[in-house]
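# A structural walkthrough
Now for the letters of each chain:
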Amino acid sequence: MDAQNSAKVNTRKRRKETLGPNGATEEDGIPSKMPRCAIGLRQPAPFSDEIEVDFSKPYVRVTMEEASRGTPCERPVRVYADGIFDLFHSGHARALMQAKNLFPNTYLIVGVCSDELTHNFKGFTVMNENERYDAVQHCRYVDEVVRNAPWTLTPEFLAEHRIDFVAHDDIPYSSAGSDDVYKHIKEAGMFAPTQRTEGISTSDIITRIVRDYDVYARRNLQRGYTAKELNVSFINEKKYHLQERVDKVKKKVKDVEEKSKEFVQKVEEKSIDLIQKWEEKSREFIGSFLEMFGPEGALKHMLKEGKGRMLQAISPRQSPSNSPTRERSPSPSFRWPFSGKTSPPSSPTNLSRHKSAAYDIRYSYLEQNKFGSYVLLAQVQ
C-alpha cells in the first residue's frame, strides 16, 4: 500500500511539473514565448522610384518549390501585393503579414492605386492617395511601396519590378470589365493566396459612420468643429446642441440616482448594524438586570445576608453559668423616671440578686459582634 501511495504522489508531482499556464499540457498546444527583442524598424519603407536597381544583372523568376524551400539571403523572393488601403486597418495589416510570411526569405512590395484610378473603378475614398501611401509606408511588414500602381497587372510591370509572386485573397475580384483581374496571374502560376480577415473592412467602417451619423456629428461639434466644416445645416446644428444638453441632463440625473441608491444602501447597512448592536446591548442589559434584581439575584442574597446579620446582632445570648462575677458598689438610690417615689433600701439578699441581673445585662449588651468590635446597646446602672 505504501508503494502504491508513493507512486501516486510521484505521478502527481510529474503532472504538476509538466503543466503549463492555466493547467494546460503540452498536448493542448501551449504557444511558445518569444525572447524579448529590441530590434525594430526605424524608418518607413522606401518608394520604388527612390531605389536604385541594377538592371545589368539578369533576373530569373524562382518557382514555387524553390521559394518554399528557401532562397539565399542575397536573393529573396519578391512578392507583390496591391490594394487601395483606404482607412488602413488591421485587416490590411494582417493581409500584408501573410504575404510577408509566405516564404522563408520574402521581400514584400506593396502597390497603392492612385485617387484617379480608384475613383473611376471603385469609388470615392476617405483618405487621399498621399495619406494612403504614408499609411502603407509605416506598416512593419512592407519593404517597398509602389505609388500609382496599375489596376491590372501587365507583364511589363511584373518584369520592371522583378516580381516572382502576387499575393491576394483567393476570392475572384471582378472589376474593369473582367470577372477576375488576377485570372492571368493564376494561370501563369504566380498567384499566392492569402486569407481575408472577417468582420473588418473599409466598407464596414464607413457603414458604421453613416449608420451613426448623428452621434459622430454631435461628437465633432462638441470637439470644436464648426457646422460648416461638418456640412451641417443651421437647424441640425441647433438640434444637435439641444440633444447634447438633454443627454447631459440625463447623465446628471442618472448619476444622482446611482449616488442616491448607494447612499440608501449605505444607510440600510448602517441601520442594520445599529439594530444588531442595540439588540446585543439590550440583551446584555437585561441579563445584568436579572442577575442583580431577579428572583435568585445578587440583591436578594445581599438582603438575606444583611437580615441574618441584624438578627444575630439584636438577639441576646445567654451568659454562661460559670462566668465570673464582679462585685459592684450599690448605688445609694435608684429612681425610675416614671415613678415619683423613692425605692426602699434593699436588703442584702435582694442586693446580691440585683447585682447578678446587672452583670447579665451588661454581658449581653456588650457582646462582641461578627466584625470583631463591641457594640453598646444598653447600659444599666
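Residues numbered from 1 in each chain as written. Predicted model: local features only at pLDDT ≥ 70, side-chain atom pairs only at ≥ 80, totals over all residues. Heavy atoms only, no water.

## Comments concerning the confidence of the model for the protein
Note the threshold: Values of pLDDT, which run from 0 to 100, indicate the predictor's confidence residue by residue. The numbering of helices and of strands both runs from the N terminus, where a helix is a DSSP run of H or I of at least 4 residues and a strand a run of E of at least 2. Should any heavy atoms of two residues lie within 4.5 Å, those residues are considered in contact.
The predicted model of the protein averages 78 in pLDDT, with 72% of residues at 70 or higher. By mean pLDDT, the top-scoring element of the protein is helix α5 (residues 129–137) (97), and the lowest-scoring one is helix α12 (residues 348–365) (46). Between residues 336–343, whose pLDDT stays under 50, and residues either more than four places distant or in other chains, the model counts four contacts. Confidence drops under pLDDT 50 across residues 354–366; counting only partners more than four residues distant or on other chains, this segment forms 21 contacts.

## Concerning the pattern of salt bridges
Filter applied, for reference: The salt bridge definition used is simple: a Lys or Arg side-chain nitrogen within 4 Å of an Asp or Glu carboxyl oxygen. Only protein chains enter the accessibility calculation, which uses a 1.4 Å probe; a residue whose area is less than 20% of its type maximum is buried, one above 50% is exposed, and one in between is partly exposed.
Under the defined criterion, the tally for this structure stands at 13 salt bridges. Taking the shortest distance from any N to any O, the salt bridge between D115 and R132 comes out at 2.6 Å. Within this pair, whereas D115 is found in helix α4 (residues 115–121), its partner R132 is found in helix α5, the two being separated by 17 residues in sequence. Residues D115 and R132 agree in their burial class; the two are buried.

## Section: the pairing of strand β4 (residues 165–169)
Counted only if it meets this: At least two DSSP bridges between two strands are required for those strands to pair.
Among the five residues that make up β4, five are buried, leaving the element largely enclosed by the rest of the structure. On β4, burial covers both faces: F165, A167 and D169 on one face and V166 and H168 on the other are all buried. Bridge count between strand β1 (residues 77–83) and β4: two bridges; the pairing is parallel. Along β4, the bridge assignment pairs Y80 with V166.

## Overview of the sheet that holds strand β2 (residues 106–112)
Quick note on the threshold: Lines fitted to C-alpha atoms define the axes, with helix axes restricted to the stretch in contact, and inter-axis angles between N-to-C directions lie between 0 and 180 degrees.
A sheet is described by the order of its strands in space; here five strands give the open sequence β3-β2-β1-β4-β5, paired in parallel fashion. Two strands close off the open sheet at either side, each with one partner strand: β3 (144–147) and β5 (191–194). On average, each strand axis in the sheet is tilted by 30 degrees relative to the strand beside it, whichever way the strands run. Along the sheet, helix α3 (residues 90–100) contacts β1, β2, β4 and β5; its crossing angle with β2, the most-contacted strand, is approximately 145 degrees. Strand contacts of α5: β2 and β3, with the helix running at about 165 degrees to β2, the strand carrying the most contacts.

## So, the packing of helix α9 (residues 213–222) against helix α10 (residues 234–293)
Heads up, the condition is: Reported orientations rely on four angle classes, namely roughly parallel under 35 degrees, roughly antiparallel over 145, roughly perpendicular from 65 to 115, and oblique for the rest. Just so you know the grouping, Ala, Val, Leu, Ile, Met, Phe, Trp, Tyr, Cys and Pro go in nonpolar, Asp, Glu, Lys and Arg go in charged, and all remaining residues, Gly too, go in polar.
One can describe the packing of α9 onto α10 by two numbers: an axis separation of 10 Å at closest approach and a directional angle of 85 degrees. In this view, α9 runs roughly perpendicular relative to α10, as classed from their interaxial angle. From α9, Y213, D214, A217, R218, L221 and Q222 reach across to α10, where they touch Y240, Q243, E244 and D247. Its residues assigned to classes, the contact of α9 with α10 shows four nonpolar, two polar and four charged.

## Side note on the environment of T194
Heads up, the condition is: We define a polar contact as two N or O atoms separated by no more than 3.5 Å, with the added condition that, inside protein, one atom must be a possible hydrogen donor and the other a possible acceptor, whereas residues neighbouring each other in sequence contribute only through side-chain atom pairs.
Counting through the fold element by element, T194 comes out in strand β5. Through-space distance from the C-alpha of T194 to that of R94 is 9.5 Å; in sequence the pair is 100 residues apart. Those residues in contact with T194, other than ones at most four positions away along the chain, are A95, Q98, A99, A167, H168, D169 and D170. Side-chain polar atoms of T194 contact the backbone nitrogen of D169, separated by 3.4 Å.

## Focus on the side chain of T106
Inspection of the secondary structure puts T106 in strand β2. The exposure class of T106 is buried, given its relative accessible area of 9%.

## Focus on the packing of aromatic side chains
To keep things clear, this is the line we draw: Stacked, tilted and edge-to-face pairs are distinguished by plane angle, under 30 degrees for stacked and over 60 for edge-to-face with tilted covering the rest, among Phe, Tyr and Trp rings (Trp via its six-membered ring) whose centres lie within 6.5 Å. Here, over-ring charges are defined by two tests on the NZ atom of lysine or the CZ atom of arginine: distance to the ring centre within 6 Å, and angle to the ring normal within 35 degrees.
If you walk through the whole model with that rule in mind, you get six aromatic pairs. Arranged with centres 5.4 Å apart and planes meeting at 75 degrees, the rings of Y80 and F157 form a pair that is edge-to-face. One end of the pair, Y80, is in strand β1; the other, F157, is in helix α6 (residues 155–160), and 77 residues separate them in sequence. The two residues Y80 and F157 agree in class, both being buried. On the basis of an interplanar angle of 35 degrees and a centroid distance of 6.1 Å, the ring pair of F85 and F88 is categorised as tilted. Assessed through its relative accessible area of 7%, F85 is described here as buried. By relative accessible area, F88 is classed as partly exposed at 25%. For the cation-ring pair, R147 lies above F47, with the distance from its terminal atom to the ring centre recorded as 3.8 Å.

## Considerations on a negative patch on the surface
Here is the rule: Patch membership requires more than 30% relative accessible area and the absence of a salt bridge. Residues of like charge join within 9 Å; the nonpolar side chains Val, Leu, Ile, Met, Phe, Trp and Tyr join within 5 Å. All accessible-area figures derive from a Shrake-Rupley calculation using a 1.4 Å probe, and residue coverage is judged against the displayed protein chains alone. A residue counts as positive if it is Lys or Arg and as negative if it is Asp or Glu; His and the chain ends are not included. A single reference atom marks each charge: NZ on Lys, CZ on Arg, CG on Asp, CD on Glu.
Together, D255, E257, E258 and E262 make up a negatively charged patch on the protein surface. Here E257 is to be found in helix α10.

## Some remarks on unusual backbone geometry
Here N148, not a glycine, exhibits a phi torsion of approximately 55 degrees, which is positive. Relative to the helices and strands, N148 is located in the loop between β3 and α6. Non-glycine residue N231 carries a positive phi angle of around 60 degrees. Mapped onto the elements of the fold, N231 is located in the loop between α9 and α10.

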